[in-house]
Amino acid sequence: MSPAQQEFLLKERFYRQKVTILRFMILVLFLALWELGAQTGTLNDFIFSSPLKIASCFLRMTEDKSIFLHIGVTMWETLLSFFLVVSVSLGAALLLWSWKSFADIAEPYLVALNSLPKSALAPLLIVWLGNNRKTIIVAAVSVALFGSIMTLFTNFHQTDPEKIKLIRAFGGTRADVLFKVLLPSSVPVIISSMKVNVGLCLVGVIIGEFLAADAGLGYLIIYGQQTFRMDQVVMSIVILCLISAILYQGISILEKRIR
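Conventions and cut-offs
- Residues numbered from 1 in each chain as written.
- Predicted model: local features only at pLDDT ≥ 70, side-chain atom pairs only at ≥ 80, totals over all residues.
- Heavy atoms only, no water.
- Core = buried A, V, L, I, M, F, W, Y, C linked by side-chain atoms within 4.5 Å.
- Buried < 20%, exposed > 50% of the residue type's maximum accessible area, 1.4 Å probe, protein only.
- Helix = DSSP H or I, 4+ residues; strand = E, 2+ residues; numbered from the N terminus.
- Contact = heavy atoms within 4.5 Å.

## Looking at the nonpolar core
Part 1 of the argument: Ranked by internal contacts, the top residues of the largest apolar core, which has 47 residues, are Ile67, Leu96, Phe156, Leu217 and Met235.
Part 2 of the argument: Looking at this core, the elements with two or more residues in it are α3 (51-63), α4 (66-98), α5 (100-115), α7 (133-157), α9 (174-211), α10 (217-226) and α11 (230-258).
Part 3 of the argument: Sorting elements by how many residues they give to this core places α9 first, with twelve residues.
Part 4 of the argument: Among residues more than four places away in sequence, those in contact with Phe156 are Leu90, Ala93, Leu94, Trp97, Leu182, Leu183 and Ser186.

Right under this line is the structure:
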C-alpha cells in the first residue's frame, strides 16, 4: 500500500472516529440538560419525565420481567408483518410486471389504497377481525404493503430493455429474463424498500397496539398515558427508537453481505 493510500485510510478512520465521538457527546449533553432541567424545575418532570426516572422505570420492569414480554410481543409482530410485506409485495410486483393488462387495471386502485390514511382503517379492522393480534398484523401490513408494491413494480418496469432483448436474442425465456436480468438488477431497490418497510411495519404495529392489544410497547404507551405515568410512556418511545435502529442496521448488514 502506497503512503498516499495509507494517509487516505488514516484520514477516513479518523473521520469515522470523530463522527462517533461527536454523536455520543451530543447524546450525553442532551441527557444531561434534560436531567438538569427536571432537577431544577425548568422542565416539569411529571410531564416530560427525566432520564433517571426512565432508567428507574426500566429497572423496575426488568425485575418483574414484564418489559421483556412487551418488547418481545412488539418485535414478533413487527418481524411477522415485515416478512409478509416483503414476500407479498415482491410477489404482487412480479405479477404486475408479467401481466401488463392486469397492471394497467390495478394501478389506480393501488394508488388510491396507498394514499389512504391507514389509521382510518383501524376501527374497521377491529370490527371485521376482532380485538386481537390478527388486527395488529393486518394494520401493520396495510401501512407498508401498497407503497412497496408500487415501488418494486415501477423499478421492474424500468429495467434496461436492451438487456432483456439480449436475453431474448439468445433464446432466453421469461424465466431467464426474470432470474438473470430483472431480479439481479433490482436487488438495490429491494433492499432500499426493505429499509423503509421495516420502519413502516413498526409504525403500523404501534398503531394497531394502540387500539387492539393487551401487551406490547404500544399498549404500554396507551396505558401509561391513561394512568399519567409519563416515565413509562417515554421509556417505551426510547425502546421503540432503539428497536427501529437495530432493525435498520440489520438490513444494512444484509445489504453489505449481498453486495
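Anyway, onward from the coordinates.
## A few points about the environment of Ser236
Part 1 of the argument: For Ser236, the location among the structural elements is in helix α11.
Part 2 of the argument: Along the sequence, Ser236 and Gly147 sit 89 residues apart, while their C-alpha atoms lie 27 Å from each other.

## Thoughts on the side chain of Asp231
Part 1 of the argument: Examined against the element boundaries, Asp231 turns out to sit in helix α11.
Part 2 of the argument: Residues within four places of Asp231 in sequence aside, it is in contact with Ser49, Lys53, Ile54, Cys57 and Arg60.

## Brief notes about the side chain of Thr74
Part 1 of the argument: If you trace the backbone, Thr74 turns up in helix α4.
Part 2 of the argument: Those residues in contact with Thr74 that sit more than four places away from it in its chain are Leu202, Val205, Ile206, Glu209, Gly216, Leu217 and Leu240.

## Concerning unusual backbone geometry
Trans is the common state for peptide bonds, and a negative phi is the common state for residues other than glycine.
Part 1 of the argument: Backbone geometry at Ser49 places phi at a positive 60°, although glycine is not the residue there.
Part 2 of the argument: Within the fold, Ser49 resides in the loop between α2 (45-48) and α3.

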